[in-house]
Structures are given as C-alpha cells and as structure tokens.
Amino acid sequence: MTEQELQRHMESVSLQFFQKRFRHQARFNSRLRTTGGRYLLKSHVIEMNPRYLENFGLEYFIGIMKHELCHYHLHLAGKGYQHRDADFRELLAKVDAPRFCQAIPTTQKMHRYVCLSCQTEFLRKRRFDVKKYRCGRCNGRLAYMEEKIVNG
C-alpha cells in the first residue's frame, strides 16, 4: 500500500464509521515499534505502522485506523480523546475499534551458556567473555554453547 492509498483508506474509513471527513494527512512511519499507529496532537497527522498491515492484514489495520480516528475526531471536537476518557471508550465501542494492538511476533538472536558444574542453562542477548563471569548458583565455570534464534 502506498501513502496515497493509505490517505484514501483513512478518508473512506472516517466517512464510513464516523460520518466526518478526515482533513489532515495520514502517513506510514516504519520507526514505530510497539504501536500500530499514533495521532499527533499539534499537526493532526496520523502515523501508521506498516508492519501491522504486513503481519495482520487489511481488516486488522482498518481497526487500528478506527482507533486513531477516534483520537482525531474527539480531539478536534474538544472532547476526551485519551485512552482513559469515557468519551474515547464510548466511541471505540460504537465503531468497534480495538483499544490496544496485538504484539507483532518477532525473532531474536540469543546466546546460550551452560554451567560446567551444575548444568544450569543461561540465555543472554549479548555475548560475554566466559573467563570473566561465573555461575550465579554454584560459582562454577561457564561455557558458551550456541547462538539461538528465539521467537518472542
């Protein structure tokens, strides 16, 4: 989906579910990590995370659009637009928008270490020098085993 298509989708979702026009800009922001989208209060721009479209599909992505449009329309109307506000929660329920996003499944490199004395295994994000560290349980020597890919 291009930014122009995103803009058209945002405008049509706004008209369909809120019966109001979306008069500002919608754009992708691939730097967003833990959120599906965000509404910027000063510029009224809505930024969307393109990875949610790739991972969950258009139907879920439209749900995120509806969530951000709730922030947008309530803010412009001078009503409670924050997650904790009753106005926001009521509008979310009315348009059937999710309150929070699912986490995007990720894979991560981990390093596996084993204690040579008690056989306890340790997973760490960063590799370290086994000569400088000891086991926290028995003070035994550690050995580096492998680099492992973990689903998080």
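Just so it is clear, the structure is predicted and the values come from calculations on it, not from any experiment.

### Regarding the overall build of the protein
Then, number 1: Assigned secondary structure in the protein consists of four helices and six strands.
Then, number 2: Tracing the protein from N to C terminus, the helices and strands come up as α-β-β-β-α-α-α-β-β-β.
Then, number 3: Against the compact-globule benchmark of 15 Å for 152 residues, the protein has a radius of gyration of 23 Å, which places it well outside the compact range.
Then, number 4: With the C-alpha coordinates of the protein rotated into their principal frame, the extents come out at 70 × 35 × 25 Å.

### Thoughts on the packing of helix H3 (residues 58-77) against helix H4 (residues 86-95)
Then, number 1: It is at 10 Å that the axes of H3 and H4 come closest, and there the two elements cross at 135°. When the interaxial angle is binned, H3 and H4 end up oblique. Along this stretch, H3 crosses H4, giving a crossing that reads as right-handed. In this structure, H3 contributes Lys66, His67, Cys70, His71 and Leu74 to the contact, and H4 contributes Asp87, Phe88, Leu91, Leu92 and Val95.
Then, number 2: A class-by-class count of the residues in the contact of H3 with H4 yields six nonpolar, two polar and two charged.

### Focus on unusual backbone geometry
Then, number 1: Of note, His44 is a non-glycine position whose phi angle comes to about 65°, a positive value.
Then, number 2: Take His44: it is sitting in the loop between strand S2 (37-39) and strand S3 (46-48).
Then, number 3: With phi around 65°, Gln119 is a residue other than glycine that occupies positive phi space.
Then, number 4: Its location among the elements puts Gln119 in the loop between strand S4 (107-115) and strand S5 (121-124).
Then, number 5: On the basis of relative accessible area, Gln119 is assigned to the exposed category, the value being 52%.

### Re H3
Then, number 1: Taking 1.5 Å of rise per residue, the 20 residues of H3 would be expected to cover 28 Å, and the 28 Å separating its terminal C-alpha atoms lies within 8% of that figure.
Then, number 2: With 14 of its 20 residues buried, H3 lies for the most part within the structure.

### Concerning the pairing of S5
Then, number 1: The pairing of S4 with S5 spans four bridges and is antiparallel. Within S5, the position partnered with His111 by the bridge is Arg124.
Then, number 2: Taken together, S4 and the strand that follows it, S5, pair antiparallel across an intervening segment of five residues, in which Gln119 is found at a positive phi of about 65°.

What counts as what
Residues numbered from 1 in each chain as written. Predicted model: local features only at pLDDT ≥ 70, side-chain atom pairs only at ≥ 80, totals over all residues. Heavy atoms only, no water. Helix = DSSP H or I, 4+ residues; strand = E, 2+ residues; numbered from the N terminus. Rg over C-alpha atoms; globule rule 2.2 N^0.38 Å. Axes fitted to C-alpha atoms, helices over the stretch in contact; angles between N-to-C directions. Parallel < 35°, antiparallel > 145°, perpendicular 65-115°, else oblique. Left-handed = near helix turned anticlockwise from the far one by under 90°. Contact = heavy atoms within 4.5 Å. Nonpolar A, V, L, I, M, F, W, Y, C, P; charged D, E, K, R; others polar. Buried < 20%, exposed > 50% of the residue type's maximum accessible area, 1.4 Å probe, protein only. Expected span 1.5 Å × (residues − 1). Pairing = 2+ DSSP bridges.

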